[in-house]
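Close look at the chain arrangement
Residues per chain, in single letters:
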Amino acid sequence: MSELPALPQLHPGVDQLYDLEKIGIGAYSPIDGFMDSATLASVLDTGRLPEGLPWSLPILLPLTQPDDRTVAERLRAGDEVALVGPAGELRGVLEFRERVVLNPKRIAESAFGTIDPSHPNVGEILRWGELGVAGSVRSVAPRPSTRGPPELTPSQSRELFRTRGWSSVAAYQCRNPPHTAHEYLQRVTLEREDVDGLFIHPVVGRLKVGDYRPEVIMRAYEALVASYCAHDRVVLSPLTISMRYAGPKAALFLAIVRKNYGCSLYIVGRDQAGVGKFYDPYASHRIFDAFDIGITPLRYEEAFFCRSCRSTATSKTCPHPSSDRIDTSQTRIREALRSGGEIPPELLRPEVAAILREPDVILKEGDAGR
Ligand SMILES: [Zn+2]
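What counts and how
Residues numbered from 1 in each chain as written. Predicted model: local features only at pLDDT ≥ 70, side-chain atom pairs only at ≥ 80, totals over all residues. Heavy atoms only, no water. Core = buried A, V, L, I, M, F, W, Y, C linked by side-chain atoms within 4.5 Å. Buried < 20%, exposed > 50% of the residue type's maximum accessible area, 1.4 Å probe, protein only. Contact = heavy atoms within 4.5 Å. 1 Å grid on protein atoms, 1.4 Å probe; cavity = no way out; pocket = protein on both sides within 12 Å on 5 of 7 lines; lining within 4 Å. Points joined across faces, edges and corners; volume = space filled by probe spheres on them. Nonpolar A, V, L, I, M, F, W, Y, C, P; charged D, E, K, R; others polar. Helix = DSSP H or I, 4+ residues; strand = E, 2+ residues; numbered from the N terminus. Donors = N, O, S within 2.8 Å, 3.2 Å for Na, K, Ca; no water. Tetrahedral: all angles 85-135°; square planar, octahedral: opposite > 155°, others 65-115°. Pairing = 2+ DSSP bridges. Arc of directions from axis to C-beta.

Next up on the list: the nonpolar core. Core analysis: the largest hydrophobic core is formed by 114 residues, its most contacted members being Tyr-28, Phe-34, Trp-55, Leu-94, Ile-200, Phe-253 and Phe-288. When residues no more than four places from it in sequence are discounted, the contact partners of Leu-94 are Phe-34, Leu-61, Asp-79, Glu-80, Val-81, Leu-83, Val-133, Ala-134, Gly-135, Ser-136 and Val-137.

Shown next as structure tokens:
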């Protein structure tokens, strides 16, 4: 579908193109398009779709270009609209339902719990403007992933799990290269009797300035899986969506998405999908008590390496004072990598460290539109 049909055109942003693709392959089921006013209000007010199913974050198509707003003003319900990518290519077709008046402050406050523009998602939402469009979409075939291993669709991952004879799969959400503390949670999960396999599913769509580059994250995971994972029990695949740093609401959203990929358990670490100090680190655990989404949350406390235990542990297994722990924060490891300092193998596998020591692995200002 390279030729554009003779339809009015809209030009979604990068994040919305990712969403379009995910709606098209069923990753956001039961969502079949960009939300209308009633759905948006229901999600913001209750954390549920109008039909009652839990759904924590709005999926919207804001119109940020003046020409798009002019096009949208002329649309009538039922009109088809071409959704066009940055190179002028057709990415999907929207069946227009209605214009949606967006209140960026209200969306930010309700979905992200803050209107502080220093929050990476909130800063963007506040620049959206007040007009969006709603309607069901169909997307063209997803583009091949440039992020390492193939990006599976939900039907492909379900089929793969079936082929492997897995009836119970735990999903591991991440957005950073793997430390041994992350690996520990994966291993503990694989030891469970009720887990047949592990689906490592890093979010590597558009990340924020200062994050590792998506392809670096995937290479680091490939190195970990190749050298340290029981290959017949782990599947690794990228998930290209923009990372929503909404703390608990994002944790719930990310779990719903993984259920669509065929997972029945979901690993929730400390401060999952948080950023800075915006969220209580264990709010992402508690939200699973308030909403039953048909997936079992596996809630873990923060893992660390303890010198006295001589192993990775959490406060559930280690009795020693925090002074016995090696500081495993991203910041500390990042600093050591930058300065060429030693990284103990207790914190980072050498194969992973070698990748992270390469030049230009961090997203800079100007890369952010990727
Ligand atoms: Zn200890």
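So, about empty space enclosed by the protein. Tallying each qualifying case throughout the model produces 2 cavities of 30 Å³ or more. Taken together, Leu-17, Leu-20, Glu-21, Arg-91, Ser-139, Val-140, Ala-141, Pro-142 and Arg-143 make up the lining of the largest cavity. In the lining of the largest cavity, the residues fall into 5 nonpolar, 1 polar and 3 charged.

Mapped onto the elements, Ser-42 comes out in helix α2 (residues 37-46). Look at Ser-42 and you get buried, because its relative accessible area is 14%. Each residue touching Ser-42, except ones within four places of it in the same chain, is listed here: Gly-47, Arg-48, Leu-49 and Pro-50.

Our focus in this paragraph is the coordination of the zinc ion. Coordination of the zinc ion by the protein is provided by Cys-306 (SG), Cys-309 (SG), Cys-318 (SG) and His-320 (ND1), with metal-donor distances spanning 2.1 to 2.3 Å. Seen from the zinc ion, its 4 donor atoms lie at angles of 102 to 116°, and the figure they make is tetrahedral. Written as a sequence motif, the donor residues of the zinc ion are C-x2-C-x8-C-x1-H. With Cys-309 in the loop between β11 (304-306) and β12 (311-313) and His-320 in the loop between β12 and β13 (325-326), this residue pair connects regions lying 11 residues apart in the sequence. Of the residues examined, His-320 reaches a relative accessible area of 26% and is grouped as partly exposed.

Moving on, we get to the sheet that holds strand β3 (residues 80-84). Strands sit in the order β1-β3-β4-β5-β2 across an open sheet of 5 strands; the sheet is mixed. Edge positions in the open sheet fall to β1 (9-10) and β2 (33-34), since each of these has one partner strand only.

On to helix α11 (residues 330-338), then. Since one α-helical turn is 3.6 residues long, residues separated by three or four positions face the same way. Taken residue by residue, α11 has Ile-333, Arg-334, Ala-336 and Leu-337 as its buried positions. Relative to the axis of α11, the buried residues are bounded by an arc of 165° and lie together on one face. Exposed side chains of α11 directed beyond 90 degrees from the buried face belong to Thr-331 and Arg-338. On its buried side, α11 packs onto α12 (350-356). Just downstream of α11 lies Gly-340, where phi reads positive at about 75°.

The strand order across the open sheet formed by 3 strands is β12-β11-β13, and the pairing between neighbours is antiparallel. Each end of this open sheet is capped by a strand with a single partner; those strands are β12 and β13. Pairing analysis gives 3 bridges linking β11 to β12, with the strands arranged antiparallel. Paired with Phe-305 across the strands is Thr-312, a residue of β12.

Let us look at unusual backbone geometry. For the peptide bond that leads from Ser-29 to Pro-30, omega is 10°, which places it in the cis range. By secondary structure assignment, the location of Pro-30 is in the loop between α1 (14-24) and β2. Residues other than glycine seldom take positive phi values, yet Ala-273 does so here, at roughly 60°. Looking at the secondary structure, you find Ala-273 in the loop between β9 (265-268) and α10 (283-290). Of note in the backbone geometry, Asp-360 takes a positive phi value of approximately 60° without being a glycine. Turning to its location among the elements, Asp-360 is positioned in the segment after α12.

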